[in-house]
Amino acid sequence: PNKERLELRHGSHREGKRNDAEMQRWRDYGLGQFIHWGVYAIPGGAWDGISYNGAAEWIRSWSEKSGAPKDWRATYDKLYKQFNPQHFDAKIWAKQAKKMGARYMIFTTKHHDGFCLWPSKYTKYTIVNSPYKKDIVKEVVEAYAAEGIDVYLYFSIIFWNHPGYRSTVPKAPHDSLAYESFKEFTRNQLVELLQNYPQTKGLWFDGSWDAAWVNQAAWTDKLETELRQLKPGLIIGSRFRADEYGKRHFDSNGIMMGDYEQGWERKLPTTIDDTHGNDWDCVMTIPPNQWGYNADWKSSYIKTPYDLIAMLMQANSLNGNFVINFGPDGQGAIRPEESAIAAKVGEWMQINSEAVYGVTHANFPKPDYGVLTKKDTTLYVTVFNRPINNIVRLAIPKSSKEIPGKAYLLVNNVPLDLSAVNMGLDRDNNMYYDVALPVGFSAAEMP
Ligand code: JFZ
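Everything in this summary refers to the structure shown in the same document. (Residues numbered from 1 in each chain as written. Predicted model: local features only at pLDDT ≥ 70, side-chain atom pairs only at ≥ 80, totals over all residues. Heavy atoms only, no water.)

1. Re the site of the ligand
Item 1. Around the ligand, the surrounding shell consists of His-36, Glu-57, Trp-58, His-111, His-112, Tyr-154, Asp-206, Trp-209, Arg-239, Glu-265 and Trp-291.
Item 2. Contact distances for the ligand include 2.8 Å between an oxygen atom and a side-chain N or O atom of Asp-206.
Item 3. In the complex, the protein chains occlude 76% of the 450 Å² of accessible area that the ligand would expose alone.
Item 4. For the shell around the ligand, the per-class residue count stands at four nonpolar, three polar and four charged. (Near = heavy atom within 4 Å. Polar contact = N/O pair within 3.5 Å; in protein donor to acceptor, adjacent residues only side chain to side chain. Areas by Shrake-Rupley, 256 points an atom, 1.4 Å probe, with all protein chains shown as cover. Nonpolar A, V, L, I, M, F, W, Y, C, P; charged D, E, K, R; others polar.)

What follows is the structure, encoded as structure tokens:
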């Protein structure tokens, strides 16, 4: 039965995909970089020799019940007085991201603790009052823009420290009043960021799950319109606001709110149907779930460059971008282990990036040995499970107007044997082609 469509006042602003140049540019990125940096990088997941059992950027919420030192919050809230990163050089980060092959980056201007890495006029809890003083957001935006990498600003709605912040719907009059001032503060900061950093391509919202925020459908709707007017072409994901029924990401009619789906956090779709035809990206940590710097890197599984490349290709084969997170330390240095991973991914991208940038899903049967991406008349076959007979078989739908003419390896452009195979599967809708892999070229060459 057809479900009745609701008349929504604060639902999605659009049906179907955006088709402007800015959004097409976003779609073509393929690979991005996330950077989580803030005062949480100073403790790096531990204090006084005791480890916090959670994501390092959440350490302020550490309770004494779960082992936090006495007066932990008061200690944390003073950490900005030691924030003076001596190794911070945004140009080094940007060059490394460029070498990795990232075409966009997302930077934490302010995480849940509320510490602003730019000199916001609207709070004292900013970089200006740290010993570092200089505008870090400006340095980052300019360094990445100089490398041709598009910058997106991460902004947490949650601000644990702000007197007006409420996580649940305010009931008492003084709470409502406080929250009104917090809303105005949030709006002012967003306008400030867009005005201060006109190179910004989009905003990446977080912490918008609070009941108090979800309850603000009319106001957040108006704010979204204001931000988009301020910066035509601005890209905002599905994690900004809720409709009047409190539905997030997708409104009560099931239509995505925002320009791309932000629900793929540390997870990936398996089939194209899982994506509902939406634009999306996957943001991924290198450890299981650490975004900010955690000094203890060894006690959890660290994804290998191979793991990340497999995810990158899975994402791109399903029309998504893949974003790898980095957590610089309290001095502003990206740890050597992360730099090594970035370098390895970059080596692979050096050879294979044309199978990543500007590609789309190839609407052919998915092979078991790997994934397919497509650009114009080129089909890219990324092989992760090399067939034991060294033959990669492609199934091309009979309805396809494109017939493989030649095959070669991206690594050296050497032509490979390609032959049409008549499987005699008369009721099958596919034609088959075999590509012989050279025996000397092995998966061991993968990072
Ligand atoms: C949030 C933050 O709390 C975290 O510290 C980090 O910044 C990350 C990128 O975003 O964590 C989330 C947000 C959304 C989901 C899970 C964790 N989610 O939608 O499943």
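2. Comments concerning the sheet that holds strand β16 (residues 418-421)
Pairing between the strands of a sheet is mediated by backbone hydrogen bonds and can be parallel or antiparallel.
Item 1. The three strands lie next to each other as β13-β17-β16, forming an open sheet whose pairing is antiparallel. The strands lining the two open edges of the sheet, one partner per strand, are β13 (391-397) and β16. For this sheet, the mean inter-axis angle between neighbouring strands, taken without regard to orientation, is 30°.
Item 2. By the bridge criterion, four bridges tie β16 to strand β17 (residues 430-436) in an arrangement that is antiparallel. Paired with Val-421 across the strands is Tyr-432, a residue of β17. (Pairing = 2+ DSSP bridges. Helix = DSSP H or I, 4+ residues; strand = E, 2+ residues; numbered from the N terminus. Axes fitted to C-alpha atoms, helices over the stretch in contact; angles between N-to-C directions.)

3. Focus on helix α3 (residues 90-100)
Item 1. What α3 keeps buried is the set Ala-90, Trp-93, Ala-94, Gln-96, Ala-97 and Met-100. When α3 is viewed along its axis, its buried side chains cluster within an angular range of 160° and face the same direction. Along α3, exposed side chains directed more than 90 degrees from the buried face belong to Lys-91, Ile-92 and Lys-99.
Item 2. At its buried positions, α3 is contacted by β1 (31-35), β4 (104-110), α4 (136-146), β9 (320-326) and α9 (336-352).
Item 3. At the N-terminal end of α3, a side-chain oxygen is found 3.0 Å from the backbone nitrogen of Lys-91, two or three residues along, and the residue is Asp-89.
Item 4. Looking one or two places after α3, you find Gly-101, whose phi comes out positive at around 105°. (Buried < 20%, exposed > 50% of the residue type's maximum accessible area, 1.4 Å probe, protein only. Arc of directions from axis to C-beta. Contact = heavy atoms within 4.5 Å.)

4. Notes on the sheet that holds strand β7 (residues 235-236)
Item 1. Read from one edge to the other, the open sheet built from seven strands follows the order β7-β6-β5-β4-β1-β9-β8, with strand pairing classed as parallel. Each edge of the open sheet is held by one strand with a lone partner, namely β7 and β8 (280-284).
Item 2. Direction of pairing for β1 relative to β4: parallel, over a ladder of four bridges. Considered in β4, the bridge of Ile-35 is made with Phe-107.
Item 3. Lying over the sheet, α4 contacts β1, β4 and β5 (150-156), oriented at roughly 175° with respect to β4.

5. Focus: the pairing of strand β12 (residues 378-383)
Each regular strand displays side chains that alternate between the two surfaces of the sheet.
Item 1. Of the pairings in the sheet, the one linking strand β11 (residues 370-375) to β12 comprises six bridges and is antiparallel in character. Residue pairing across strands places Gly-370 opposite Val-383, the latter belonging to β12.
Item 2. Between the end of β11 and the start of β12, which pair antiparallel, lie two residues, with Asp-376 showing a positive phi angle near 50°.

6. Section: the packing of aromatic side chains
Where two aromatic rings form a pair, the distance of their centres and the angle of their planes describe that pair.
Item 1. For the coordinates displayed, the defined rule picks out 34 aromatic pairs.
Item 2. Between Tyr-80 and Phe-115 the ring centres are 6.2 Å apart and the planes differ by 35°, which places this aromatic pair in the tilted class. Pair noted here: Tyr-80 is in the loop between α2 (72-77) and α3 and Phe-115 is in the loop between β4 and α4, with a separation of 35 residues, a long-range link.
Item 3. Their ring planes at 80° and their centres at 5.6 Å tell us that Tyr-104 and Tyr-152 sit as a pair that is edge-to-face. Remark: Tyr-152 occurs in strand β5 and Tyr-104 occurs in strand β4; sequence separation between them is 48 residues. Tyr-152 matches Tyr-104 in its accessibility class, with the two residues each being buried.
Item 4. When the ring centre of Tyr-357 is taken as origin, the NZ or CZ atom of Arg-103, which lies over that ring, is 3.9 Å away.
Item 5. The ring of Trp-264 carries the charged tip of Lys-267 above its face, separated from the ring centre by 5.9 Å. (Phe/Tyr/Trp six-rings, centres within 6.5 Å; stacked < 30°, edge-to-face > 60°. Lys NZ or Arg CZ within 6 Å of the ring centre and 35° of its normal.)

7. Things to note about the pattern of salt bridges
Item 1. Applying the stated criterion to the full structure yields 24 salt bridges.
Item 2. Put simply, Arg-5 and Glu-15 hold a salt bridge, and the shortest N to O gap is 3.1 Å. In this pair, Arg-5 is assigned in the segment before α1 (21-28) and Glu-15 in the segment before α1, connecting sequence segments ten residues apart. You'll find Arg-5 and Glu-15 in the same group, each marked exposed.
Item 3. Salt-bridge contacts for Arg-393 lead to Asp-434; the nearest nitrogen and oxygen are separated by 2.6 Å. In this pair, Arg-393 is assigned in strand β13 and Asp-434 in strand β17, connecting sequence segments 41 residues apart.
Item 4. On the basis of relative accessibility, which here comes to 34%, the residue Arg-393 falls in the partly exposed class.
Item 5. If you follow the salt bridges from partner to partner, you end up with Arg-14, Arg-18, Asp-20, Asp-221, Glu-224, Arg-228, Arg-241 and Asp-259 in one network. (Salt bridge = Lys/Arg side-chain N within 4 Å of Asp/Glu carboxyl O.)

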